[in-house]
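# Chains, contacts and geometry: an overview
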Amino acid sequence: MIEFDVKISSGDLYDYNLKYTYGKFINIFAEIVGFLAVVYGIYSANYPLAIIGFFVVIYLPVTLWIRSSQTAILTPAFKEPLHYVLSDEGITVSQKESSETVEWDKCIKAVSTSRSILVFTSRTSASIFPRKQLGDKTVPLIQCISRNMPSDRVNIKC
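Attention here is on the structure that accompanies the text. Since the model is a prediction, treat every value here as computed from it, not as a measurement.

## Remarks on the packing of helix α1 (residues 10-21) against helix α3 (residues 47-74)
Running from N to C, α1 and α3 point in directions that differ by 135 degrees, and their axes come no closer than 8 Å. The orientation of α1 relative to α3 falls into the category oblique. Considering only the axes of α1 and α3, their crossing is right-handed. Across from Ser10, Leu13, Tyr14, Asn17, Leu18 and Thr21 in α1, the residues of α3 making contact are Leu60, Pro61, Leu64, Trp65, Ser68, Ser69, Thr71 and Ala72.

## Focus: the layout of surface pockets
There is about 510 Å³ of room inside the largest pocket. Looking at side-chain class alone, the lining of the largest pocket contains 12 nonpolar, 10 polar and 1 charged residues. Volume-wise, the second largest pocket comes out at about 150 Å³. Class assignment for the residues of the lining of the second largest pocket results in 3 nonpolar, 2 polar and 4 charged.

## Describing the side chain of Thr21
Considering the arrangement of structural elements, one finds Thr21 in helix α1. Only 2.7 Å separates the side chain of Thr21 from the backbone oxygen of Asn17, close enough to count as a polar contact. Apart from residues no more than four positions distant in its own chain, Thr21 is found in contact with Asn27, Leu60 and Leu64.

## What to know about unusual backbone geometry
At Ala45, a position not held by glycine, the phi torsion is positive, near 60 degrees. Inspection of the secondary structure puts Ala45 in the loop between α2 (25-43) and α3. Residue Ala45 is classed as partly exposed on the basis of its relative accessible area of 46%. Positive phi values are uncommon outside glycine, yet Lys96 reaches one of about 55 degrees. For Lys96, a relative accessible area of 68% corresponds to the exposed category.

Rules used in this analysis
Residues numbered from 1 in each chain as written. Predicted model: local features only at pLDDT ≥ 70, side-chain atom pairs only at ≥ 80, totals over all residues. Heavy atoms only, no water. Axes fitted to C-alpha atoms, helices over the stretch in contact; angles between N-to-C directions. Helix = DSSP H or I, 4+ residues; strand = E, 2+ residues; numbered from the N terminus. Parallel < 35°, antiparallel > 145°, perpendicular 65-115°, else oblique. Left-handed = near helix turned anticlockwise from the far one by under 90°. Contact = heavy atoms within 4.5 Å. 1 Å grid on protein atoms, 1.4 Å probe; cavity = no way out; pocket = protein on both sides within 12 Å on 5 of 7 lines; lining within 4 Å. Points joined across faces, edges and corners; volume = space filled by probe spheres on them. Nonpolar A, V, L, I, M, F, W, Y, C, P; charged D, E, K, R; others polar. Polar contact = N/O pair within 3.5 Å; in protein donor to acceptor, adjacent residues only side chain to side chain. Buried < 20%, exposed > 50% of the residue type's maximum accessible area, 1.4 Å probe, protein only.

See the structure below:
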């Protein structure tokens, strides 16, 4: 059993949103098309095309950053630390008087970024474990996740 507290910041939410958004082919494709439009627009002196491509490239990261900042400010759950307990039964998150447990077999996948370890508990939500706040609990956390989830659903790098 592993127990720790985390306080989710706008940067942590931005990291999650980037991983979630760029995990979809259509968003990667749009960025590639935007980049190619910039390159071709500059190369062919078609500057309106280059400008449109530039906006396509910067639109998604900028809107994700704005949305992450707003969510961190406006969501009451992110104003206080979240208390996590990971056991062989599942992930329990609690805050003040409320508590919720997600069993391991309900977890969809576990991935990592340079900033966080993410355990997706549905297609659109995840438990976010910021590496800076985990400290010496990082390795036991990864071991617990790897032990309790099928290996084909875990893609975590230390």
